[in-house]
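Close look at the chain arrangement
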Amino acid sequence: MPPQHNKSGDPARSLALLWRTQEPASRRRGKPELSVDRIVVAATEIADAEGLAALSMRRVAEALGVGTMSLYTYVPGKGELIDLMVDAAYADLDSGDRSGGWRERLRRIANANRDLYIRHPWMLQTITTRLLGPNLIAKYDHELSAIDGLGLSEVEMDSTVNLVNGYVESTTRQTLGAEQVARESGMDDEQWWRTYNPLLAALIDDSQYPVASRVGSAVGAAHQAVYDPDHEFSFGLERVLDGVQVLVDTRSAERSADPAAPAAGSPETYGSTARPAT
């Protein structure tokens, strides 16, 4: 997918809209009420179908059957609108299921985030990490709860959630990029390799690249393609969780050896400012 990063809106305005500290009443007598929520839904539908490049206040107004200037009474601009769209999309995440062990919970969270980005690919083109809307806060709380009580410090809990989410974002970008290449070329992975494999076979001497040849043949036989995004996602996620397991086991062993010691990375370790001592 395009490496496009849309600017966030004015922070003060976006935060006021995200938390709905004030919202103008609709003046459309006898017609469906115009509201921030209706504007966000219409904008999201456009972005889902055509991407952020196609999104504009004019397009949203046309979809709602109103004048463009009417929207500015509710949302001051495209930047603030995108901030609202992102937070609204997070509401789609199911945060009700907290069953299972921590590993199962993190796996479920990772898959839910991946599915969200696949439904709304434009989300991976936005930067809204500073704007804590209600749905993003709820998402963060739910994800932290998956590893609460494991003996990790608060800093380590935050870093673990960021690690999992960063992995999801990175691999989903790769998946969506491959899908975009397939759309633009008119051929999926299997069709491309079936078409060009004879040419590659004539150009490449397998004896010069024996390991690559052996592994590539095995992968092709296993996936019937050079790359299986679902397999790669699941495989990589399990390795990420393996790393978290090492951290959890390490902290457990440290507590067993010295139950009175503060958790590594806790404020007690760094002093009152919760920063590493220099």
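Structure's up top.
The structure reproduced in this document is the subject of the present report. (Residues numbered from 1 in each chain as written. Predicted model: local features only at pLDDT ≥ 70, side-chain atom pairs only at ≥ 80, totals over all residues. Heavy atoms only, no water.)

Considering the overall build of the chain
Spelled out, the test is: Only DSSP runs of H or I reaching four residues or more are called helices, and only runs of E reaching two or more are called strands; each is numbered from the N terminus. Three labels apply to residues, based on accessible area from a 1.4 Å probe with only protein chains included: buried if under 20% of the type maximum, exposed if over 50%, partly exposed otherwise in between. Should any heavy atoms of two residues lie within 4.5 Å, those residues are considered in contact. The method behind every accessible area is Shrake-Rupley, applied with a 1.4 Å probe, and residues are considered shielded solely by the protein chains displayed.
Helix and strand counts for the chain come out as 12 helices and zero strands. Ordered by position from the N terminus, the helices and strands of the chain form the series α-α-α-α-α-α-α-α-α-α-α-α. Taken over 278 residues, the chain has a buried fraction of 35%. Put simply, 74% of the contacts in the chain that link residues at least 6 apart link residues at least 24 apart. Carbon together with sulfur atoms contributes 54% to the accessible area of the chain, which is approximately 16200 Å² in total.

As for the packing of helix α8 (residues 154–185) against helix α11 (residues 229–257)
The geometry of a pair of packed helices is captured by two quantities: the angle between their axes and the separation between those axes. So the rule is basically this: Where helices are involved, their axes are fitted lines through C-alpha atoms of the stretch in contact, as for all axes, and angles between N-to-C directions lie from 0 to 180°. The scheme is simple: roughly parallel for angles under 35 degrees, roughly antiparallel for over 145, roughly perpendicular for 65 to 115, oblique for anything else. It is the rotation of the near helix from the far one that decides the hand of a crossing: anticlockwise by less than a right angle makes it left-handed, clockwise makes it right-handed. Classes in brief: Ala, Val, Leu, Ile, Met, Phe, Trp, Tyr, Cys and Pro nonpolar; Asp, Glu, Lys and Arg charged; the others, Gly included, polar.
For the pair α8 and α11, interaxial distance at closest approach is 10 Å and the crossing angle is 170°. It follows from the interaxial angle that α8 and α11 lie roughly antiparallel. Classified by chirality, the crossing of α11 by α8 is right-handed. Together, E156, T160, L163, V164, Y167, V168, T171 and T175 of α8 and P229, E232, F233, G236, L237, V240, V244, L247 and R251 of α11 make up the contact between the two elements. The residue inventory of the contact of α8 with α11, partitioned by class, reads 10 nonpolar, four polar and three charged.

Looking at the pattern of salt bridges
Definition in use: Salt bridges, as used here, are contacts in which a Lys or Arg side-chain nitrogen is within 4 Å of a carboxyl oxygen on Asp or Glu.
All chains considered together, the criterion is met by 12 salt bridges. E238 is the salt-bridge partner of R103, the closest N and O atoms lying 3.1 Å from each other. Placement of R103 in helix α6 (residues 102–119) and of E238 in helix α11 is noted, with a sequence separation of 135 residues between them. Its salt-bridge partner being R107, residue E238 comes within 2.8 Å of it at the nearest N-O pair. With E238 in helix α11 and R107 in helix α6, the pair connects residues that are 131 residues apart, well separated along the chain. Here the salt bridges do not stand alone but share partners, grouping R103, R107, E238, R239 and D242 into one network.

A few points about the nonpolar core
For clarity, the threshold we go by: Nine residue types can take part in a nonpolar core, namely buried Ala, Val, Leu, Ile, Met, Phe, Trp, Tyr and Cys, and a core is a set of them joined through side-chain atoms within 4.5 Å.
I39, V60, L71, L81 and M85 are the most contacted members of the largest nonpolar core, which totals 56 residues. Counting residues per element, the ones that place at least two in this core are α1 (11–18), α2 (36–50), α3 (57–64), α5 (78–90), α6, α7 (134–145), α8 and α11. Those residues within four positions of L71 in sequence are excluded, and the remaining contacts are L34, I39, M57, V60, A61, L64 and V66.

Here we look at the side chain of H142
Residue placement: H142 occurs in helix α7. When its relative accessible area of 11% is taken as the criterion, H142 is described as buried. In this structure, H142 is in contact with D94, S95, D97, R98 and I109, ignoring residues within four places of it in sequence.

Topic: α2
Let me state the cut-off plainly: Given a helix with a known number of residues, its expected span is that number minus one, times 1.5 Å.
The first and last C-alpha atoms of α2 sit 21 Å apart over 15 residues, in line with the 21 Å expected at 1.5 Å per residue. Here α2 has its buried residues at V36, I39, V40, A42, A43, T44, I46 and A47. In the core, the buried residues of α2 are packed alongside α1, α3, α4 (68–71) and α5.

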